[in-house]
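# Structural characterization, general
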Amino acid sequence: MPHVVVIGAGIVGTSLADELTARGVTDVTVLDRGPLFTTGGSTSHAPGLVFQTNPSKTMSAFASYTVQKFCTLEHPGGWAFNQVGGLEVATTPERWADLHRKVGWAAAWGIDARLLDPDECARLHPLIDPDRILGGFHTPTDGLAKAVRAAEAQANRAISRGATFVPNTEVIGIVDKAGRVTGVRTADGVMDADIVVCAAGFWGAQLATTVGLTVPLVPMAHQYARTGQIPALVGRNTEASEASYPILRHQDQDLYFREHVDRLGIGSYNHRPMPVDMSTLMADTAGEPMPSMLPFTEDDFAPAWSAASELIPALADSKVEEAFNGIFSFTPDGFSIMGEHRDLSGFWVAEAVWVTHSAGVAKATAEWIVDGAPSVDVHECDLYRFEDVARSPEFIMQTSSQAFVEVYDIIHPYQFRSALRGLRTSPFHERQKQLGAFFYEGAGWERPAWFEANAELAQRLRDGGLAFPERDGWSSRFWSPISIAEAHWTRERVAMYDMTPLTRYEVAGPDAASFLQKMTSNNVDKSVGSVTYTMLLDESGGIRSDITVARLADTRFQVAVNGPLDFDWFARHLVDGVTLRDITGGTCCVGVWGPLARDLVQPLCPDDLSHENFKYFRALQTYLGAIPVTMLRVSYVGELGWEIYASAEYGAALWDLLFDAGQRHEVIAAGRIAFNSLRIEKGYRLWGTDMTTEHQPKAAGVDFAVKMSKDDFIGKAALERVTAPAKLLRSIVFDDPSAVALGKEPVYVDGRCVGYVTSAGYSPTIGRTIAYAWLPASTRIGDTVTVDYRGTRSTATVHSEPVVDPEMARIKR
Ligand SMILES: Cc1cc2nc3c(=O)[nH]c(=O)nc-3n(C[C@H](O)[C@H](O)[C@H](O)COP(=O)(O)OP(=O)(O)OC[C@H]3O[C@@H](n4cnc5c(N)ncnc54)[C@H](O)[C@@H]3O)c2cc1C
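Thresholds applied
Residues numbered from 1 in each chain as written. Predicted model: local features only at pLDDT ≥ 70, side-chain atom pairs only at ≥ 80, totals over all residues. Heavy atoms only, no water. Phe/Tyr/Trp six-rings, centres within 6.5 Å; stacked < 30°, edge-to-face > 60°. Helix = DSSP H or I, 4+ residues; strand = E, 2+ residues; numbered from the N terminus. Buried < 20%, exposed > 50% of the residue type's maximum accessible area, 1.4 Å probe, protein only. Lys NZ or Arg CZ within 6 Å of the ring centre and 35° of its normal. Contact = heavy atoms within 4.5 Å. Axes fitted to C-alpha atoms, helices over the stretch in contact; angles between N-to-C directions. Left-handed = near helix turned anticlockwise from the far one by under 90°. Nonpolar A, V, L, I, M, F, W, Y, C, P; charged D, E, K, R; others polar. Pairing = 2+ DSSP bridges. Core = buried A, V, L, I, M, F, W, Y, C linked by side-chain atoms within 4.5 Å. Near = heavy atom within 4 Å. Polar contact = N/O pair within 3.5 Å; in protein donor to acceptor, adjacent residues only side chain to side chain. Areas by Shrake-Rupley, 256 points an atom, 1.4 Å probe, with all protein chains shown as cover. Salt bridge = Lys/Arg side-chain N within 4 Å of Asp/Glu carboxyl O.

All right, on to the packing of aromatic side chains then. What the rule picks out here adds up to 31 aromatic pairs. Between Tyr224 and Phe324, the ring centres sit 6.2 Å apart and the planes meet at 55°, which makes this aromatic pair tilted. You can see Tyr224 sitting in strand S14 (residues 218-227) and its partner Phe324 sitting in strand S20 (residues 320-330), a full 100 residues away along the chain. Accessibility expressed as a relative area gives 13% for Phe324, which makes it buried. Within the aromatic cluster, the residues linked to one another by ring pairs are Tyr224, Tyr256, Tyr269, Phe324, Phe328, Phe330, Trp354, Phe404 and Tyr408. Lying across the ring of Phe675, Arg672 places its NZ or CZ 4.6 Å from the centre. Looking at Arg793, its charged tip hangs above the ring of Tyr748, at a distance of 4.0 Å from the centre.

This is the structure in structure tokens:
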């Protein structure tokens with residue numbers, strides 16, 4: 001049995017010890033620099049509000065598991081979880097509308113919740129002034145965690161199974177040999193370990209640097225205050241129960257509240273970001289009982305107090321009595337950070353975890369360590385999800401500060417970060433700006449969403465009778481009707497898409513083919529010039545990614561992937577005789593697609609681009625004008641055409657060459673929104689959104705990319721055991737032409753929530769929005785379902801796939 005050392009006895013470390021020992025890994029030692037179990041970390045003073053509903057299905061699942069588990073914990077001191085319910089109030093129409101979206105997430109993720117009118121809110125929480133609010137979102141199963149008790153109760157369960165907890169023992173170094181962790185160093189010497197998990201809270205980032213690992217988190221101060229006695233609360237709670245009203249959020253003012261017997265606790269994000277310099281912190285607080293608490297900065301709390309008093313008039317009779325600036329971790333994207341160090345096996349991290357998600361993160365980490373993979377999709381939290389740029393101190397600081405500011409904001413799904421824009425631009429960027437591109441951001445890249453230059457075309461098409469359904473204010477944010485024209489024009493004539501940000505690797509070497517055969521589900525060991533769409537599966541047959549493999553030479557492949565997690569997966573499995581190189585930045589790619597694509601490109605090319613000579617899913621290294629290019633005859637938008645790759649220095653010239661040649665065909669530049677709607681029309685999935693490791697290929701409708709007759713590949717054994725899936729990814733088509741969905745909406749049948757939407761786009765080809773939704777396998781083509789979009793219900797029909805061009809006539813011509 002491996003000996004596991006966990007660094008940190010906060011809520012994460014104790015929960016992890018419990019989860020590991022429950023799985024039979026009982027040789028666990030948990031070390032903490034502080035005393036047990038009020039260690040001085042963030043857990044020691046966390047007020048413990050647990051609101052479960054989150055836009056992320058995974059984070060909601062983590063929170064729900066935490067609630068479920070904490071409800072079962074026993075502690076001699078009293079409750080570990082007080083299920084008082086959660087109430088989030090709206091004081092603005094925008095928030096009220098957004099709570100409708102939130103109740104949809106709750107339904108989609110299986111959390112019981114409903115919307116209440118102001119009087120119902122005030123009945124639940126009589127301290128609220130109902131005249132100040134428009135309504136509230138109530139989740140009866142939310143509640144308060146008594147974080148230190150929950151930590152101790154879990155530790156005691158772990159101890160009863162054999163784990164040891166050691167207080168006052170600081171880990172000062174990690175010991176390793178030949179790429180494996182072998183122990184930790186403390187003032188008492190080296191403690192041997194086969195596995196070390198860093199659950200050291202916001203200290204973890206510093207510890208990780210000692211083993212060459214960047215854990216992108218920033219310790220931030222956040223204000224928490226307790227009032228004096230509130231007359232209206234006197235006699236309501238006992239010292240033992242502490243609270244009986246629901247925990248309360250007033251997100252329009254970045255505030256939350258809980259009772260402390262006859263006082264209120266007020267947490268505020270309504271202040272400037274206050275990142276904490278770890279070096280000063282450690283110097284200043286060495287030996288202090290609570291190194292994660294800083295002195296209260298009263299001025300920062302003034303706006304919070306006045307906003308709190310407006311919602312809760314009873315505060316007028318009270319004042320702040322105790323307060324502090326508490327420290328905990330923020331990350332660039334707001335998600336936790338989990339996983340194993342790639343270059344130091346056996347060294348794991350579980351960092352930037354709220355009490356809310358702690359048991360869920362601990363369970364997933366334990367499964368990962370013991371079983372090889374977590375049972376829920378953790379890609380949003382994976383340590384290796386970050387691009388290189390996202391590991392720079394400047395990026396981490398700026399984006400984490402933005403995450404702090406936005407922690408309670410209403411975030412639109414197409415609202416991209418504003419900090420540090422313009423970091424990665426394709427060689428076509430200047431041309432795109434000239435065409436009036438509106439840019440989205442993805443993985444640091446600037447990606448055109450639509451082009452204002454196509455406004456005239458849109459008007460022309462509108463005048464000609466193309467439908468442009470009106471959209472509501474929310475769905476028309478970060479969106480333009482021009483995108484409908486761009487999608488339509490791609491089907492009618494020809495368009496150019498910037499595919500440069502599509503991450504691509506070169507996999508090369510004498511054993512490249514056998515390596516890729518082992519990694520992928522489809523047969524990629526085909527002739528030079530072949531292009532293959534395939535899955536990367538994990539050992540349990542879950543979809544880790546979908547990729548396209550182009551064989552450019554006997555020993556050289558170009559692999560189009562989804563992002564850094566694919567690099568990590570390949571790198572972890574790399575064998576001698578194979579090299580892996582990210583070539584994204586040094587190359588560029590333009591997709592030329594549409595019925596006139598061949599008419600546009602052929603005159604520029606010395607090779608025969610006819611259908612007979614250059615078949616679908618083939619690659620060709622050739623020239624366009626004087627420019628050396630690699631052309632892949634593939635089309636994520638479902639049209640005739642090619643992805644055309646070139647070395648980046650040719651980019652601007654390539655764009656001009658194609659754009660100029662395209663003028664006689666009325667070529668346009670088209671953006672991401674058009675691209676998205678066309679790929680949904682055509683039945684193509686987006687990994688991470690439509691399918692993840694939680695899904696096997698058959699359920700996701702991509703089993704055509706699995707060759708079970710092939711020799712062994714990762715995930716094959718699991719697929720051999722597969723039974724019929726309970727849920728299937730289905731295309732649904734809205735009945736009302738103006739109905740929209742943006743993703744994550746609940747789907748109902750007979751008034752019961754049976755699934756959720758993953759992604760959606762308006763299809764100009766059929767004049768309706770098409771969406772993907774996970775639905776029960778019993779759902780049949782032609783069935784009617786109902787989708788709840790921010791409180792508006794629309795019917796949709798389950799459609800066969802793909803909705804557009806099932807004969808592939810548009811592509812294969
Ligand atoms: C004011 C405030 C309010 C909050 N409110 C909420 C809330 O309402 N709901 C919620 O879900 N979350 C809340 N949080 C966040 C939450 O408290 C933290 O995210 C969570 O407690 C982190 O738990 P942890 O176990 O990762 O870290 P910690 O509790 O900080 O534990 C890390 C442990 O590692 C130990 N350690 C560090 N370095 C070493 C080393 N080198 N050797 C040995 N031991 C080491 C530390 O002593 C510490 O005990 C709040 C945080 C603050 C500050």
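Here the narrative resumes, following the displayed structure.
With respect to the element layout, Asp262 can be found in the loop between strand S16 (255-260) and strand S17 (263-268). The buried category is assigned to Asp262, whose relative accessible area is 15%. When near neighbours in sequence (up to four residues on either side) are disregarded, Asp262 contacts Gly228, Gln229, Ile230, Leu233 and Val234.

Close contact between helix H15 (residues 512-519) and helix H16 (residues 564-573) brings their axes to 11 Å; oriented N to C, the two are set at 115°. Pair H15 / H16 crosses with right-handed handedness. Two secondary-structure elements touch here, H15 through Phe515, Leu516 and Met519 and H16 through Trp569, Phe570 and His573. Along the lines of polarity and charge, the residues of the contact of H15 with H16 split into five nonpolar, one polar and no charged.

Of the two faces of strand S15 (residues 247-250), the one holding Ile247 and Arg249 and the one holding Leu248 and His250 are both buried throughout. Where S15 folds back on S16, the antiparallel hairpin that results is connected by four residues, among which Asp254 adopts a positive phi of roughly 55°.

Judged by nonpolar contacts, the single largest core of 61 residues is most densely connected at Ile174, Val196, Leu213, Val215 and Phe347. Once residues lying within four places of it in the same chain are set aside, the contact partners of Ile174 are Ile7, Val181, Gly183, Val184, Val196, Thr210, Val211, Leu344 and Phe347. By size, the runner-up hydrophobic cluster in this structure holds 48 residues, among which are Ala151, Ala163, Phe335 and Ala364.

Taken together, 35 residues lie around the ligand, and Asp32, Thr39, Thr43, Val353 and Thr356 are the ones closest in. Contact distances for the ligand include 2.8 Å between an oxygen atom and a backbone N or O atom of Ser42. Burial of the ligand by the surrounding chains reaches 97%, relative to a free accessible area of 1000 Å². Counting residues per element, the ones that place at least two in the shell around the ligand are helix H1 (11-22), helix H2 (42-45), S14 and S20. Ranked by the residues each element gives to the shell around the ligand, the list is headed by S20, at four residues. Residue classes in the shell around the ligand are distributed as 19 nonpolar, 13 polar and three charged.

As a further point, take the pairing of strand S7 (residues 135-139). The buried count for S7 comes to five of five residues, which makes it a mostly enclosed element. Residues of S7 alternate between two faces, with Gly135, Phe137 and Thr139 on one and Gly136 and His138 on the opposite face, all of them buried. Bridge count between strand S5 (residues 86-90) and S7: five bridges; the pairing is antiparallel. Along S7, the bridge assignment pairs Ala90 with Gly135. Where strand S6 (residues 114-116) meets S7, three bridges bridge the pair, whose relative direction is antiparallel. For Leu115, the partnering residue across the bridge sits in S7 and is Phe137.

This part takes up the sheet that holds strand S8 (residues 143-145). Taken together, three strands build an open sheet; the order of strands is S3-S8-S4 and the sheet is antiparallel. Sheet topology places strand S3 (49-50) and strand S4 (81-82) at the edges, where each strand pairs with a single neighbour.

The next thing to look at is the pattern of salt bridges. This structure, assessed with the given rule, holds 43 salt bridges. Of the charged contacts in the structure, one is a salt bridge between Arg157 and Asp18, with a shortest N-O distance of 2.9 Å. On the criterion of sequence distance, the pair formed by Arg157 in helix H6 (residues 147-160) and Asp18 in helix H1 is long-range, its members being 139 residues apart. Of the residues examined, Arg157 reaches a relative accessible area of 28% and is grouped as partly exposed. On the basis of relative accessible area, Asp18 is assigned to the buried category, the value being 2%. Notably, a salt bridge pairs Arg342 with Asp568, separated by 2.7 Å at the nearest N-O pair. Here the residue Arg342 occupies a position in the loop between strand S21 (337-340) and strand S22 (347-351), and Asp568 occupies one in helix H16, the gap between them amounting to 226 residues. With relative accessibility at 3%, the residue Asp568 sits in the buried group. Each of Asp18, Glu19, Arg23, Lys69, Arg157, Arg161, Lys363 and Glu367 takes part in one network of salt bridges that share partners.

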